[in-house]
Amino acid sequence: MKGRRNGLTMKMIALGFYKPGNTEQPPEFEAVELDKPEPEGHDLLVEVKAVSVNPTDYKTRDSKKPDDDSLTIVGRDVAGVVVSVGSKCSLFKEGDEVFYAGTNVREGGHSEFHLVDERIVGHKPKNLDFAQAAALPLTGLTAMEALFVRLGISKNPQDNAAKNILIIGAAGGVGSIATQIAKLAGLTVIGTASRQETVEWAKDHGAHHTINHHHELLPQLKELDIDGVDYIFCLTNTDDHMAGMADAIRPQGKICSILPAFEPLAPALFGKSVTFVYELMYTRSMFQTEDMIEQYHLLNELSEWADNDKVQSTLNETMAPINPENLKEAYGKLMSGKTIGKIVLEGPVEK
């Protein structure tokens, strides 16, 4: 086990930032030496092997007040090895390889060791390495909760043989896994992409058709002989696509967004009796809901799918080691809005 002993206290390296700084630039990550935490209750202590970067991480920085100079450690997606467990743990043991997306109400996983509640952790896919596995938890949970919980889509392909879904932003992190899972559920998948490389990526990851989200949606669907869609999963700015979604959704269809709508919902949704729902992967852990352990079950199902080659990792770029310079570069790429799939950093964690 890594870690440095200082007197009687074991230390670890954590990578965080203090001031929010220029929010148009990546966070100013610094290496900080902290006490290595000890797990209590339902917590696992995980040795971090790989992390992926997500917009939620730099948005955490963006929400800091200018005078807030407290240390902030982000990094939700983690793949690693359990090194010790809390007294109430029953799902994992020391030595287990795990992957998870953490929560937004605790410190993130950009550190050598990380505490996480076992009820939101899954067993890492055996056939994926740590980097491949680290690309999946946050986006996989978001997609599975959105499709099967918020939209109420059946996992039985026979139930969905005549149904379709439009995924707006199909080549991004969530879109890359959502297209695969929607196809696995038997839906006809139409993904949006605007560049040749994103079109190819979306089709390689499960989209049967692609259309351009910079143009009107319904006319493009009609060119594919599709008169409307049963479900829409919106992964980009909701307000930008509200009118187009209202046109494209079928009567009594369902729309799920992972971003808040700041403008009123389109009136046409009322006439069509459309269901509009949100998906936030953090809700269960943030509010400690009674069904929080569902994320453990969903991650294990995702792991099983990966091991049976039903879904593939959405890893598209790997960087090493996990240090301040590489984190800044990775978040800079993510903030460009041009990334395809996921960027993952592999250990070790260094200054």
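For clarity, every value in this text was computed on a predicted model and none was experimentally measured.

Let us now look at the nonpolar core. Counting residues in each nonpolar core, the largest one holds 79 residues, and the members touching the most others are Leu147, Ile165, Ile167, Ile181, Phe233 and Leu302. Considering each element in turn, this core owes the most residues, seven residues, to helix 3 (residues 137–150). Each of domain 1 (11–139 + 290–346) and domain 2 (151–278) contributes no fewer than three residues to this core. Of all hydrophobic cores here, the second largest spans 22 residues; its members include Met242, Ile249, Ala266 and Phe276.

So, on to the pairing of strand 10 (residues 188–192). The buried fraction of strand 10 amounts to four of the five residues, a majority that puts the element mostly inside the structure. Here strand 9 (residues 164–168) pairs with strand 10 via four bridges, running parallel. Its bridge partner lying in strand 10, Asn164 is registered against Thr188. Read from strand 9 through helix 4 (residues 173–184) to strand 10, the crossover connection turns out right-handed.

Turning our attention to the domain arrangement of the chain. Partitioning the chain into domains gives domain 1 (11–139 + 290–346) and domain 2 (151–278). Measuring from the centre of the C-alpha atoms in domain 1 to the corresponding centre in domain 2 gives 28 Å. With 18 residues of domain 1 in contact, the opposing surface of domain 2 contributes 17 residues. For the domain 1 and domain 2 pair, buried surface summed over both sides reaches about 1,400 Å², with 66% attributable to carbon and sulfur atoms. Linking domain 1 with domain 2 are one salt bridge, by the criterion used here. Where domain 1 touches domain 2, the interface holds four residue pairs in polar contact (both at pLDDT 80 or more). Contributions of two or more residues to the side of domain 1 that touches domain 2 are made by helix 10 (294–307) and strand 15 (315–319). Among the elements that take part in the side of domain 1 that touches domain 2, helix 10 stands out by supplying four residues, more than any other.

The next subject is the sheet that holds strand 9. Spatial ordering of the open sheet is given by 11-10-9-12-13-14, a layout of six strands whose pairing is parallel. Pairing within the sheet leaves two strands with one partner each, and these edge strands are strand 11 (209–211) and strand 14 (275–278). Pairwise comparison of adjacent strand axes, ignoring direction, gives a mean angle of 20° for this sheet. In this structure, strand 12 (residues 229–234) lies alongside strand 13 (residues 249–257), joined through five bridges in parallel fashion. Within strand 13, the position partnered with Phe233 by the bridge is Cys256. Of the strands in this sheet, strand 9, strand 10 and strand 12 touch helix 4, which is tilted by about 175° from strand 9.

At the junction of Ala320 and Pro321, the peptide bond is cis and its omega measures out at -5° in the coordinates. Along the chain, Pro321 falls in the loop between strand 15 and helix 11 (324–335). That bond from Gly347 to Pro348 is cis: its omega, 15°, falls within 30 degrees of zero. Tracing the sequence through the fold places Pro348 in the segment after strand 16 (342–346). The phi angle at Gln288 is positive, at roughly 50°, despite the residue not being glycine. Take Gln288: it is sitting in the loop between helix 9 (283–286) and helix 10.

A few words on the packing of aromatic side chains. The final tally for this structure, using the stated rule, is four aromatic pairs. Ring geometry for Phe29 against Tyr331: centres 5.4 Å apart, planes inclined by 25°, an arrangement best described as stacked. Pair noted here: Phe29 is in the loop between strand 2 (9–16) and strand 3 (30–35) and Tyr331 is in helix 11, with a separation of 302 residues, a long-range link. The burial state of Phe29 is the same as that of Tyr331; both residues are buried. Summarising the aromatic geometry, the rings of Phe276 and Tyr278 are spaced 5.4 Å apart at their centres and angled 90° between planes, so their arrangement reads as edge-to-face. Relative accessible area serves as the criterion here: at 18%, Phe276 is assigned to the buried category. In this structure Tyr278 comes out as partly exposed when scored by relative accessible area, which is 42%. Grouped by ring-pair contacts, the aromatic residues Phe17, Phe29 and Tyr331 constitute a single cluster. The side chain of Lys36 reaches across the aromatic face of Phe113, ending 4.7 Å from its centre.

What counts and how
Residues numbered from 1 in each chain as written. Predicted model: local features only at pLDDT ≥ 70, side-chain atom pairs only at ≥ 80, totals over all residues. Heavy atoms only, no water. Core = buried A, V, L, I, M, F, W, Y, C linked by side-chain atoms within 4.5 Å. Buried < 20%, exposed > 50% of the residue type's maximum accessible area, 1.4 Å probe, protein only. Helix = DSSP H or I, 4+ residues; strand = E, 2+ residues; numbered from the N terminus. Domains from an automatic or database assignment. Pairing = 2+ DSSP bridges. Right-handed = clockwise from strand over helix to strand, strands pointing away. Contact = heavy atoms within 4.5 Å. Buried area = accessible area lost by both parts, 1.4 Å probe. Salt bridge = Lys/Arg side-chain N within 4 Å of Asp/Glu carboxyl O. Polar contact = N/O pair within 3.5 Å; in protein donor to acceptor, adjacent residues only side chain to side chain. Axes fitted to C-alpha atoms, helices over the stretch in contact; angles between N-to-C directions. Phe/Tyr/Trp six-rings, centres within 6.5 Å; stacked < 30°, edge-to-face > 60°. Lys NZ or Arg CZ within 6 Å of the ring centre and 35° of its normal.

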